[in-house]
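Okay, here's what each chain looks like letter by letter:
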Amino acid sequence: MTRCVVELAGPAGAGKTTLASALVSEGGQARVGVDSSRIDLAIGAFSLGPVLAGARVSTSGRGWTKGELRSLVYLMAWHRELASRSSGTYLLDHGPAFRLAVLAAWGPPMTRTPVFRKWWTRTAQAWGQLLDGVVWLDAPDAVLLERIDSRHRMHRIQNADTETAQAFLARYRAAYDAILVLFREAGTPVLSIDTSTGTPENLAARVRSSFLQEVGGG
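What you are looking at is a predicted structure, and each value in this text was computed from that prediction instead of being measured.

Trainee: Before we move on, could you go through the side chain of Lys16 and cite the residues and values that matter?
Mentor: Take Lys16: it is sitting in helix H1 (residues 16-25). One buried charged residue, Lys16, remains without a salt bridge, the closest side chain of opposite sign being Asp93 at 7.7 Å. Within the structure, the side chain of Lys16 is placed 3.2 Å from the backbone oxygen of Pro11, a separation counted as a polar contact. Those residues in contact with Lys16 that sit more than four places away from it in its chain are Leu8, Ala9, Gly10, Pro11, Asp93 and Leu137.

Right, here's the structure in full:
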């Protein structure tokens, strides 16, 4: 069995984690996420030094949050780890597209500097070459907002007014669009699914039969 890496991507409430769980519960060898060694994490953090320093000296404003710094390191460490794997099916539900989109849409002013944008584009292109496919999950805004409001886990637009919530989703989608363009240019196939049209089990069956088999994930 060869290596197959597929990201489940989409705005908040699209059902990424739910679909990942359904795909794994169907059996097979697919696993959600990837573990990184301390060495990969250390190498990832070290490689970011010039980028972070260059972005910092060319702008002002708030610095990086711990979550954002973790995302930066994960983007480097996960790529290194997965590139070294020769077999296995890996499903990423908070993977590179998600983390690059969040950084682009809500990161500090440093994310808009030329040095960081160059790194961001280069990183997206590298992931586009590594990924075997992306499943883009979405649904009408009303469906997404109902799901978000009913979550036990807090979200920044939970119970927000409609205008604010829809603006958030639009910004999210725009950030994702920029990444998916780079992924497609690198040859990564993208399957789009409206998650309001079926149960998680039906959607998982569709992904497995019409997509995972084609890209090598069984």
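That covers the picture; the talk isn't over yet.
Trainee: An account of the sheet that holds strand E1 (residues 3-9) is needed here, citing residue identities and associated values.
Mentor: Read from one edge of the open sheet, five strands run E2-E3-E1-E4-E5, paired in parallel fashion. This sheet does not close on itself; its edge strands, each paired only once, are strand E2 (31-32) and strand E5 (190-194). Alignment of strand E4 (residues 133-138) against E5, held across five bridges, turns out to be parallel. Note on E5: the bridge partner recorded for Asp138 is Asp194.

Trainee: Let's hear about the packing of helix H5 (residues 96-106) against helix H6 (residues 114-130): which residues, and what values?
Mentor: Closest axis-to-axis distance for the H5/H6 pair is 11 Å, and the angle between their directions is 165°. Comparing the axis directions of H5 and H6 gives the class roughly antiparallel. Crossing handedness for the pair H5 and H6: left-handed. Contacts between H5 and H6 involve Pro96, Leu100, Leu103 and Ala104 on the former and, on the latter, Phe116, Arg117, Trp119, Trp120, Thr123, Ala124 and Trp127. For the contact of H5 with H6, the per-class residue count stands at nine nonpolar, one polar and one charged.

Trainee: Describe in detail the pattern of salt bridges, supporting the description with residues and values.
Mentor: All chains considered together, the criterion is met by five salt bridges. Asp35 serves as the salt-bridge partner of Arg31, at 3.4 Å between the closest nitrogen and oxygen. Given the relative accessible area of 33%, Arg31 is considered partly exposed. Given a relative accessible area of 54%, Asp35 falls into the exposed group. In this structure, the salt-bridge partner of Arg173 is Asp138, at a minimum N-O distance of 2.8 Å. In this pair, Arg173 is assigned in helix H8 (residues 162-185) and Asp138 in strand E4, connecting sequence segments 35 residues apart. The pair formed by Arg173 and Asp138 is uniform in burial state, with each residue classed as buried.

What counts as what
- Residues numbered from 1 in each chain as written.
- Predicted model: local features only at pLDDT ≥ 70, side-chain atom pairs only at ≥ 80, totals over all residues.
- Heavy atoms only, no water.
- Helix = DSSP H or I, 4+ residues; strand = E, 2+ residues; numbered from the N terminus.
- Buried < 20%, exposed > 50% of the residue type's maximum accessible area, 1.4 Å probe, protein only.
- Lys, Arg positive; Asp, Glu negative; His and termini not counted.
- Salt bridge = Lys/Arg side-chain N within 4 Å of Asp/Glu carboxyl O.
- Polar contact = N/O pair within 3.5 Å; in protein donor to acceptor, adjacent residues only side chain to side chain.
- Contact = heavy atoms within 4.5 Å.
- Pairing = 2+ DSSP bridges.
- Axes fitted to C-alpha atoms, helices over the stretch in contact; angles between N-to-C directions.
- Parallel < 35°, antiparallel > 145°, perpendicular 65-115°, else oblique.
- Left-handed = near helix turned anticlockwise from the far one by under 90°.
- Nonpolar A, V, L, I, M, F, W, Y, C, P; charged D, E, K, R; others polar.

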